[in-house]
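# An overview of the molecular structure
Spelled out from the first residue to the last, the chains are:
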Amino acid sequence: MKILKHIIILLILPIFLQAQNTVVDIIVNSADHNTLETAVIEAGLAGTLSGDGPFTVFAPTDAAFDALPAGTVDALLMDPMGDLTDILLYHVLGADVRSSDLVDGQMATTINGKDVTVIINNNGVFINNAQVTVVDLVADNGVVHVIDAVLIPPTTTVVDVIVNSPDHNTLEAAVLAAELAGTLSGDGPFTVFAPTDAAFDALPEGTLDALLMDPMGDLTDILLYHVLAGDVRSSDLTDGQMATTINGKDVTVTINNNGVFINDAQVTVADIVTDNGVVHVIDAVLLPPRITVVDIIVNSPDHNTLEAAVLAAELAGTLSGDGPFTVFAPTDAAFNALPEGTLDALLMDPMGDLTDILLYHVLGADVRSSDLTDGQMATTLNGKDITVTIDNNGVFINDAQVTVADIVTDNGVVHVIDAVLIPIVSSTQEITDFASFNMYPNPATDFVNVELVSNDNVQGIIRIIDMNGKLIKTFNGVQDTNNLNVSEINMGVYILEYLGDNMRYYKKLIIE
């Protein structure tokens, strides 16, 4: 008897299994849902939606798909695992929701993670803007409601996350002021490290107000230092990793027992995923490191000699200032090409000819390659002009070719050149008459003595110029000793220039 029972069960079980009715079966057996059936199969969702569920499917008719712009369905079917899957899952709830469960204004989260809104009025029941035309087609693993339009999931951007967050009002205001909302609402992908209002409040007093006064300057620079051009999830981060932000500077990832840090800011909420990237909340504002023309020289493997010369002449501090500066940077090979012993001799007198030569490589302005024109002349910080030549062979500063252009920094720009620029001497008298040129004390405080030793009785002008080329003070110069009052001049590094008949000479002056 038991054996007969088992045989009967084995014979009947397949009939029960075949008789199971899923939400997929309802779609497949419907004469009005051929496109939906094709889409579900192409997206590989038939198996999923035939599972235990429960599921609620809002099923657009063939007419609903036909109403989409021409070519839309074909394009979706060409990428079934991408946008098609995203759209289909926006029609499915992970629960059995009957028509009697729907209320006006209700929001329900779909399997793709985004909400649909229920509207019930005198015209009927709507899911977003699609009207429900048939309700409660009950299956063994859920229910199907027929709708007359395809539901398109709303696009959520990293900007939407910021705007809708109660903790990011300051960041929202900053993004709007810097006019970056449009950019960050684009296709992306973007990764945004989003400082909270508390993070902005922790900045020194007045900092935020100052930034908002110049939204296209430092504010934009700081905001872009919080953005990566890519979708970087927390699982992609590794300890010691460096990532280049949209402002061109790197942030460093640190992962330890205390958590995940971007520079010194801790990630407090990770992986807020959007359609154009991801947002990670951080507890401090990231301030981009300041990169100067000196940093470019110091960090270049091809400019060790120039680095040593700048340090010896004590110009590193000056060229790390606000600027702007344009530096024509000779390579090590360029210095090696000088006559034997020249470099050693220059380094033996760093405050004299070396300073004179180095300042002949610097302009007191930010001059990009696009600003250069053939035949152009520009006055360097040592007061003498360089000449730009542009021909079929390239761009030349005097006789030195520009090999790398437009290395942009926060205080100017560096152009690499293949030869050392030697200041042009206006006359032989400039060398002979001032072979002995004394200035003391240097550094000076209140007064500086200048001795002009010449073969002739020379009258001229002595000028003090700052490192941006700005004239600070003028004196009448005579032969022998000139006692110059510099007490009213601010502390810093200056150039002392002597102008005589067909003569010009320079020395570096430090005022303490």
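Residues numbered from 1 in each chain as written. Predicted model: local features only at pLDDT ≥ 70, side-chain atom pairs only at ≥ 80, totals over all residues. Heavy atoms only, no water.

## Brief notes about the overall build of the protein chain
- Secondary structure summary: the protein chain contains 20 helices and 28 strands in total.
- By residue count, 44% of the 512 residues in the protein chain fall in the buried class.
- Split by element, the accessible area of the protein chain, about 25,400 Å² in all, is 54% carbon and sulfur. (Helix = DSSP H or I, 4+ residues; strand = E, 2+ residues; numbered from the N terminus. Buried < 20%, exposed > 50% of the residue type's maximum accessible area, 1.4 Å probe, protein only. Areas by Shrake-Rupley, 256 points an atom, 1.4 Å probe, with all protein chains shown as cover.)

## Considerations on the confidence of the model for the protein chain
- Mean pLDDT over the protein chain: 87, with 88% of residues reaching 70 or higher.
- Here residues 1-19 is a poorly scored stretch, pLDDT under 50, and it has one contact once near neighbours within four places are set aside; other chains count.
- Every residue in residues 425-436 is under pLDDT 50, and counting partners more than four places away or in other chains gives 24 contacts. (pLDDT = per-residue confidence, 0-100. Contact = heavy atoms within 4.5 Å.)

## Thoughts on helix 19 (residues 350-359)
- The element helix 19 is extensively covered by neighbouring structure, given that eight of its 10 residues are classed as buried.
- Among the residues of helix 19, P350, G352, L354, T355, D356, I357, L358 and L359 are the ones counted as buried.

## Describing the environment of V97
- Mapped onto the secondary structure, V97 falls in the loop between strand 2 (92-93) and strand 3 (107-109).
- C-alpha separation for the pair V97 and V144, spaced 47 residues apart in sequence, amounts to 9.1 Å.
- Among residues more than four places away in sequence, those in contact with V97 are T56, L102, V143 and H145.

## Some words on the pairing of strand 8 (residues 190-195)
- Most of strand 8 sits out of view: six of its six residues are buried.
- Burial of the side chains of strand 8 extends over both faces: F190, V192 and A194 are buried on one face and T191, F193 and P195 on the other.
- Across six bridges, the pairing between strand 8 and strand 14 (residues 277-282) is parallel. Each residue of the ladder has a partner; that of F190, found in strand 14, is G277.
- Alignment of strand 8 against strand 9 (residues 227-228), held across two bridges, turns out to be antiparallel. By the bridge assignment, T191 is partnered in strand 9 with L228. (Pairing = 2+ DSSP bridges.)

## Regarding the pattern of salt bridges
- Within this structure, the stated rule accounts for six salt bridges.
- A salt bridge links R98 to D96; the shortest N-O distance between them is 2.7 Å.
- Looking at R98, the relative accessible area reads 28%, which means it is partly exposed.
- The partly exposed category is assigned to D96, whose relative accessible area is 29%.
- The residue D275 makes a salt bridge to K114 at a minimum N-O spacing of 2.3 Å. Taken together, the residues span a long stretch of sequence, with D275 in the loop between strand 13 (265-274) and strand 14 and K114 in the loop between strand 3 and strand 4 (115-121) at a distance of 161 residues. (Salt bridge = Lys/Arg side-chain N within 4 Å of Asp/Glu carboxyl O.)

## Considering the pairing of strand 6 (residues 130-139)
- Sheet topology note: the strand 5 (residues 124-127)/strand 6 ladder contains two bridges and is antiparallel. Of the residues in strand 6, the one forming a bridge with F126 is Q131.
- In this antiparallel pair of consecutive strands, strand 5 and strand 6, the connection spans two residues, and N128 shows a positive phi of 55°.
- Pairing of strand 6 with strand 7 (residues 142-147) involves five bridges; the strand directions are antiparallel. Residue pairing for strand 7: V138 is matched across the bridge by V143.
- Hairpin connection, strand 6 to strand 7: the antiparallel pair is bridged by two residues.

## Things to note about unusual backbone geometry
- Of the consecutive residues G53 and P54, the connecting peptide bond is found in the cis state with omega at 5°.
- Put simply, G188 and P189 share a cis peptide bond, and its omega is 5°.
- Positionally, P189 belongs in the loop between helix 10 (181-184) and strand 8.
- Of note, N263 is a non-glycine position whose phi angle comes to about 55°, a positive value.
- Tracing the backbone shows N263 in the loop between strand 12 (259-262) and strand 13.
- Of note in the backbone geometry, D271 takes a positive phi value of approximately 60° without being a glycine.
- With respect to the secondary-structure elements, D271 resides in strand 13.
- The class for D271 is partly exposed, based on a relative accessible area of 30%.

## Here's the deal with helix 15 (residues 304-312)
- Along helix 15, the residues that are buried comprise T305, L306, A309 and V310. The buried residues of helix 15 occupy an angular sector of 135° when the element is viewed end-on, so they sit on one face.
- Where helix 15 is buried, its residues contact helix 14 (293-298), helix 16 (316-319), strand 15 (325-330), helix 17 (332-336), helix 18 (342-348) and helix 19.
- Note on helix 15: the residue one or two positions beyond its end, E314, has a positive phi of about 55°. (Arc of directions from axis to C-beta.)

## A word on the nonpolar core
- One finds L306, L315, L319, V327 and L358 to be the most contacted residues of the largest nonpolar core, which totals 27 residues.
- Only helix 14, helix 15, helix 16, strand 15, helix 17, helix 18 and helix 19 provide two or more residues apiece to this core.
- By residue number, the principal contributor to this core is helix 19, which donates four residues. (Core = buried A, V, L, I, M, F, W, Y, C linked by side-chain atoms within 4.5 Å.)

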